[in-house]
Structures are given as structure tokens and as C-alpha cells.
Amino acid sequence: IISGYKDGTFKPNKSISRGEFLTILSRVYGWEGVPVGETMGKFKDFNTFGPYKDVINYGISKGYIQGYPDRTFKPNNPISYKEVEIIMQRITNNKNFRWYNTAANALYQKDYRSKSYNSMNNHITRGEAVYMLYLINEWKYR
């Protein structure tokens, strides 16, 4: 489900990009195939989608994620806690999903203080994203 880099590292403290986050979501939630309807033409920067093309198309077509008002998607940009919170509300169909619950769990269970306490516009790390998805889906892995 989760992969590291070619050099054998995972880099848990590195910000996760929008494309990387969607890739992990596709593996956790078993996004099979690409829904009908091509969304690539809607974005001026579609030529930067690279390996994320299918997961972006899937996420957009399902309404899980959106592009920016300037008609870009920016798949290589880091994703914020606020963006992740909104995406997870949509994917879990739970408007009460709050990133704060994951951050509080990490603080009290792992003695890790998330940068989200400073601002929800800060960027989520690879480790935090994986931890959140584990908490939400741990029943699958027992």
C-alpha cells in the first residue's frame, strides 16, 4: 500500500504531494479502473500529471478532490491538513471527520505534535498521512 523512494527511504517527515496522497488513497480504498469521463482537459497543467493521471481523474470524477480556481491541479504541490480533512470527509462520507482527532491521537499516543496545531494550512507529512489512514482503517489490518 505504501512505498518509499528508490534509495530505500520512506522520509516520514517530508511533505506529501497531492498526487502521492491520491495514490495512497487509491491503494487503501481499492480504486479500480478510471471512471467514465476524462477530466484532464479541464486543467491547464494536465501535462504535469505524469504517473498521477489516473488517480487524479478518479478523485476528480468521484468529487473527492478539486483543482484550483485558476484551472490547475498542481499534483506535485504539498497538500495541507485542511485539504486532507475535506477529502477524507468526502471519501468516508462523514462530514464530522476532523484532522484534529488524528493530531490529538498522535500527540497523546505517540508524543508527536503535528504542525496542524499551528495552522491547518501547513502541509501534512508522509508519516502523518499514513498514520491517519491506519487509524481510520486499522480494522482491515487486524
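Refer to the structure above for everything that follows.
Our subject in this report is the structure included herewith. As the structure is a computational prediction, the values presented were derived from the model and not from experiment. (Residues numbered from 1 in each chain as written. Predicted model: local features only at pLDDT ≥ 70, side-chain atom pairs only at ≥ 80, totals over all residues. Heavy atoms only, no water.)

Considering helix α4 (residues 99–110)
Right, so step 1: In this model, α4 (twelve residues) spans 16 Å end to end at C-alpha, consistent with the 16 Å of a helix rising 1.5 Å per residue.
Right, so step 2: Listed as buried for α4 are Trp-99, Thr-102, Ala-103, Ala-104 and Ala-106.
Right, so step 3: The elements touched by buried residues of α4 are α3 (81–92) and α5 (126–137).
Right, so step 4: Directly beyond the C-terminal end of α4, a positive phi value near 55 degrees is found at Asp-111. (Helix = DSSP H or I, 4+ residues; strand = E, 2+ residues; numbered from the N terminus. Expected span 1.5 Å × (residues − 1). Buried < 20%, exposed > 50% of the residue type's maximum accessible area, 1.4 Å probe, protein only. Contact = heavy atoms within 4.5 Å.)

Quick look at helix α1 (residues 18–28)
Right, so step 1: Taken across its eleven residues, α1 has ten buried, putting it largely inside the fold.
Right, so step 2: Taken together, the buried positions of α1 are occupied by Arg-18, Gly-19, Glu-20, Phe-21, Leu-22, Thr-23, Ile-24, Leu-25, Ser-26 and Val-28.
Right, so step 3: Lining the buried residues of α1 we find α2 (53–61), α3 and α5.
Right, so step 4: A positive backbone phi angle near 60 degrees is found at Gly-30, which sits one or two residues after α1.

Considerations on unusual backbone geometry
Right, so step 1: With a phi close to 65 degrees, Arg-71 is a non-glycine residue in the positive phi region.
Right, so step 2: Inspection of the secondary structure assignment puts Arg-71 in the loop between α2 and α3.

Remarks on the packing of aromatic side chains
Right, so step 1: This structure, assessed with the given rule, holds seven aromatic pairs.
Right, so step 2: Here the aromatic rings of Phe-43 and Phe-73 are separated by 5.7 Å at their centres, their planes lie at 75 degrees, and the arrangement is edge-to-face. One end of the pair, Phe-43, is in the loop between α1 and α2; the other, Phe-73, is in the loop between α2 and α3, and 30 residues separate them in sequence.
Right, so step 3: The class for Phe-43 is buried, based on a relative accessible area of 7%.
Right, so step 4: Using a relative accessible area of 0% as the deciding quantity, one classes Phe-73 as buried. (Phe/Tyr/Trp six-rings, centres within 6.5 Å; stacked < 30°, edge-to-face > 60°.)

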